[in-house]
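Here is what each chain is made of, one letter per residue.
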Amino acid sequence: MKFKNIVKLSVLCFAFGNLSAQNPWPKATNTAQPWTRWWWMGSAVDEKGLDKQLTTLSKAGFGGVEIVPIYGAKGFENRYLNYLSPEWMKMLQFTTDKAQSLNMGVDMAVGTGWPIGGPQVDENDAATKMIVQTYTISLGEKLAEKIALKDEKQKVLKTIKLDIVTAYNEKNEAVVLTDKINTDGTLNWKPSSGNWTIYAVFTGKTLQKVKRAAPGGEGYTLDHFSPDATKDYLKTFDKAFGNSNYGIRSFFNDSYEVYNADWTADFKDEFKKRRGYDLSPYIKYLVSDEDNEMTGRIKSDYRETMSELILSNFTDNFTKWAHSKNSKNTNQAHGSPGNLLDLYAAVDIPESETFGSTKFDIQGLKRNVEDINTKEVPDINMLKFASSAANITGKPLISNESFTWLTEHFKTSWSQVKPEAEQIFLSGINHIFYHGTTYTPADVQFPGWLFYASTNFVPENSLWPNIKGLNSYIERTQSVLQSGKSDNEILMYWPVYDQWASPKGKDMAFKIHNIEKWLHPTPFYENLEKLGKSGYSLDMISDKMIGESKSENQKIQIGKGASYQVLIIPELTYLPDSTLNNILELAKNGASVIFQSEPKDIPGFFESDKRKNNLKSLWNKIPFNQQNDVKVAIFGKGKIVLSSDVEKGLEYLKIEREKLTDTGLKFIRRQFDGGKYYYIVNHTSKEINQFVPLNFTGKQVALMNPENGDFGVAETQNNSVKVQLKSGESLIIKTSENIDSSIPKWKYIEKIDAPIVLNQSWQLTFKEGGPELPKTRTLKKLEPWTNFSDDASTQSFSGTGIYTTTLHLNKKNADDYLLKFGKLYESAKVMINGQEAGIVWSIPFEINVGKYLKKGKNTIQIEVSNLMVNRIRYMDQHKIQWRNYHEINFVNIDYKPFDASDWKVQPSGLDGDIQLIPLYYSK
């Protein structure tokens, strides 16, 4: 029988494949393993429980934990530890000591719950907002009403002050009256003509408290824009930690979810210092949504100032403080009202976030609409903000809070996690954090303590016995993606001023939850999508980064960061003349630049005519000449191309795309001394069995399977590599200028024989799980244990069922044998003749078992682990209390009270035919 189906290579539990040959895999460290967000509920932790859970996580292949204390479980209040108390610090020290003994790392949030804040945040340092009140007054009148704050909640605060008072007449002429207000609030001014509207701006407080706070962590959220608030906040940690970092690798700050914080006490002074003019005469335009040029210019300056303040006053100070503790820091910049690229770049480990479920075309991948959040879909280009900042500035690790609300609680299988992880990798992220794992005391029964918005990566999960399959895959992949440097050829400028110039609203938070508003409807995003699908690799760059870049040997680079062949300026309206000048300097020194359009204007208000004329003057210095479909200018040592079609500009500059994407494959590329890695994923519905072109093949090409660690030298011809990938599979290609003759040839499937269908009887037993073990039974054919409704325990059981049969093999003359599953609910460990053949956990559900088979009688044992859902359904139907928490308690994916009692029983076990397929490799 000729080869028809690409065959999946076996998934083995050991780390890195065939070790008898020279191993091409990079040396793995604990950073290559997945880490997990570790919620300490109520900080009700003790040494026994910490020891048990860390040991369990280590055995399952986790490289580290990220401690985030949150609200607690009811009934355990006597075990709560106050955050940063001496008792809490003792448990932290025990944790880091134990983790070190297990070769694990520990990160820790600088606060409880989110966003950053707590009891040390006093009124002065609390998140601040602008409060605007208006008054009307006419010719010759004295304002009868005192200019005083009306908000009763704000009145009691001691820090409230009047910042700006400005009056406007019908012609929009402004008179600043701030110094005309008496201490009792009376206005010492009468208009000499017309009708006037007075705008009074007070410095108020948002009064927002920390969300999901742990004991000892309750309090106001922080003012990220204050020069003193961050320093004051971190003094509490200085007191608790002293001169030690207690073994913390990195201090973590969660996403910016501070609402209505659009001001800070010295904003007016900072604005004047940074923008060059007093905001007071223009305050009307800041608080108005009028769609006019002046409003856009004032708001652009305001938003740029907010961006600079959060960068210098919070992020930079946070980084300096972490370094003072000889630790790193991790920050989620998304959601901030600032330039995300600059904020991510200012920390050691930029961290992004995925939320929700992606629709993939992978054959057989489960994605039930009723179990997902259809409003939230992860976007690879949103993730690129974090990876771009890291790549450009030379940061080796880019992390991601992963799999938040991937599906409804208890319904996520490891096979659903894999493609989401792969999409994260394809964005350039290389350090995955699961979201997440909840600490559970040793004496708390199933399902343990659980967090309300997570995929449950907890030891109590009935899928836990096979999580090593997923974790080993991530470890191997990340070992490659953490090696060398990013190898993207394109820099794409992010035109943030086009966003900042919007006349709507005040502060502008760039959230992952509203990218359909600020990211998707832009030429910038359109280019990202189009170029990515065409096979180009790119990172995003900010104005600040362009200013810090150098051009040498026709490459653009910052310090020890990655180098790039070309800078693209997408279609835009606003470009600072200073940025254009920096771009021209890069070109003058040899860089290649593509403009999609001529910049139309400069952002901001100060000396706008002068700066706009300078922009035009700089642009006119570019000596464009028409060449076919593009305009081209030789500029110093470099080239500048003007083309509405960016791809035509790239073709002119001979920037090559990777044509492998024409097959539907996705990839990301890394460079190392003497070669490159390609990480390739098949998320299509089809099989790929062909030679795939690569831009770099070197002198030797090795294929590496991240699922089982196998490797071998590939077949190549005409700068193409032979690849066999089924739908849902991935592969790493290592191209090298050095030849290693010790590496064996890759095993390509040349043909298969007729499958042996295992349609004999099977015995089904159960070894672990609950609420009780179903009875043993003999099956005439394979079927899920949930089919046996005569035994009520089969409907409620979550755990592991063992399917066992014997097979008589008359001959064993094939090169290998593939055990192919019909349907698997949800993952399985395969035992052949008492030996563990591996874990089957991802699509396609199949495994190579030839080395474990023998001629004659063979015993096949398949240990299947199902979802937690059926047992949770049983507990809710029988009113068995398992969710009993302070704060949010427990909700479903739609944030409504959780109740699984009316859920359908989920199929569990094996179904359909299992086939044993003889394989023959090419010689």
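Going by the structure above, here's the rest.
Description of the structure in this document. In this text, all values refer to a predicted model and were calculated from it rather than measured experimentally. (Residues numbered from 1 in each chain as written. Predicted model: local features only at pLDDT ≥ 70, side-chain atom pairs only at ≥ 80, totals over all residues. Heavy atoms only, no water.)

**Comments concerning helix H11 (residues 467–481)**
For H11, which comprises 15 residues, the first-to-last C-alpha distance of 21 Å matches the rise-based estimate of 21 Å (1.5 Å per residue) to within 8%. Among the 15 residues of H11, 14 are classified as buried, and the element is accordingly described as predominantly covered. (Helix = DSSP H or I, 4+ residues; strand = E, 2+ residues; numbered from the N terminus. Expected span 1.5 Å × (residues − 1). Buried < 20%, exposed > 50% of the residue type's maximum accessible area, 1.4 Å probe, protein only.)

**A look at the sheet that holds strand S42 (residues 835–840)**
Reading across from one edge, S37-S36-S38-S44-S41-S42 is the order of the six strands in this open sheet, with antiparallel pairing throughout. Unpaired on one side and paired on the other, strand S37 (777–779) and S42 mark the two borders of the sheet. Strand-to-strand twist across the sheet, computed as the mean angle between neighbouring axes with direction ignored, equals 25°. Of the pairings in the sheet, the one linking strand S41 (residues 827–832) to strand S44 (residues 856–865) comprises six bridges and is antiparallel in character. Residue pairing across strands places Val-830 opposite Ile-862, the latter belonging to S44. (Pairing = 2+ DSSP bridges. Axes fitted to C-alpha atoms, helices over the stretch in contact; angles between N-to-C directions.)

**Section: the side chain of Gln-33**
In this structure, Gln-33 sits in the segment before strand S1 (35–41). At 3.4 Å, the side chain of Gln-33 forms a polar contact with the backbone oxygen of Gly-61. The residues touching Gln-33, leaving out its near neighbours within four places in the chain, are Gly-61, Phe-62, Gly-63, Glu-475 and Gln-478. (Polar contact = N/O pair within 3.5 Å; in protein donor to acceptor, adjacent residues only side chain to side chain. Contact = heavy atoms within 4.5 Å.)

**Details of the sheet that holds strand S31 (residues 716–717)**
Strands belonging to one sheet form pairs held by backbone hydrogen bonds; the direction of such a pair is parallel or antiparallel. If you trace the three strands from one edge of the open sheet to the other, you get S28-S32-S31, paired in antiparallel fashion. Looking at the sheet topology across the chains shown, the edges are occupied by strand S28 (688–693) and S31. As defined by bridge partners, S31 adjoins strand S32 (residues 720–725) across two bridges and the pair is classed as antiparallel. Of the residues in S32, the one forming a bridge with Gln-717 is Ser-720.

**Some words on the pairing of strand S8 (residues 195–205)**
Here S8 lies mainly inside the structure; nine of its eleven residues are buried. As judged from the eleven bridges shared by strand S5 (residues 128–138) and S8, these two strands associate in the antiparallel manner. If you follow Lys-129 over to S8, its bridge partner there is Gly-204. With eight bridges connecting them, strand S6 (residues 161–169) and S8 associate as antiparallel partners. Residue pairing in the sheet places Lys-161 in a bridge with Thr-203 of S8.

**Quick word on the packing of helix H4 (residues 229–241) against helix H7 (residues 293–324)**
In contact at an axis separation of 10 Å, H4 and H7 are set at 25° when each is read in the N-to-C sense. Regarding the angle of H4 to H7, the classification is roughly parallel. Pair H4 / H7 crosses with right-handed handedness. Only Asn-313, Phe-314, Asn-317, Phe-318 and Trp-321 of H7 make contact with H4, whose side of the interface consists of Thr-230, Lys-231, Leu-234, Phe-237 and Asp-238. (Parallel < 35°, antiparallel > 145°, perpendicular 65-115°, else oblique. Left-handed = near helix turned anticlockwise from the far one by under 90°.)

**Some thoughts on the pattern of salt bridges**
Applying the stated rule across the entire model yields 43 salt bridges. Between Arg-37 and Glu-66 there is a salt bridge, with the nearest N and O atoms lying 2.4 Å from each other. Linking Arg-37 in strand S1 with Glu-66 in strand S2 (residues 64–70), this pair joins segments that are 29 residues apart in sequence. Both residues of the pair, Arg-37 and Glu-66, belong to the buried class. Close ionic contact of Arg-883 with Asp-876 constitutes a salt bridge, the shortest N to O distance being 2.7 Å. Given the relative accessible area of 5%, Asp-876 is considered buried. Within this structure, Glu-270, Lys-273, Arg-274, Arg-275, Glu-304 and Glu-308 form a network of salt bridges that share partners. (Salt bridge = Lys/Arg side-chain N within 4 Å of Asp/Glu carboxyl O.)

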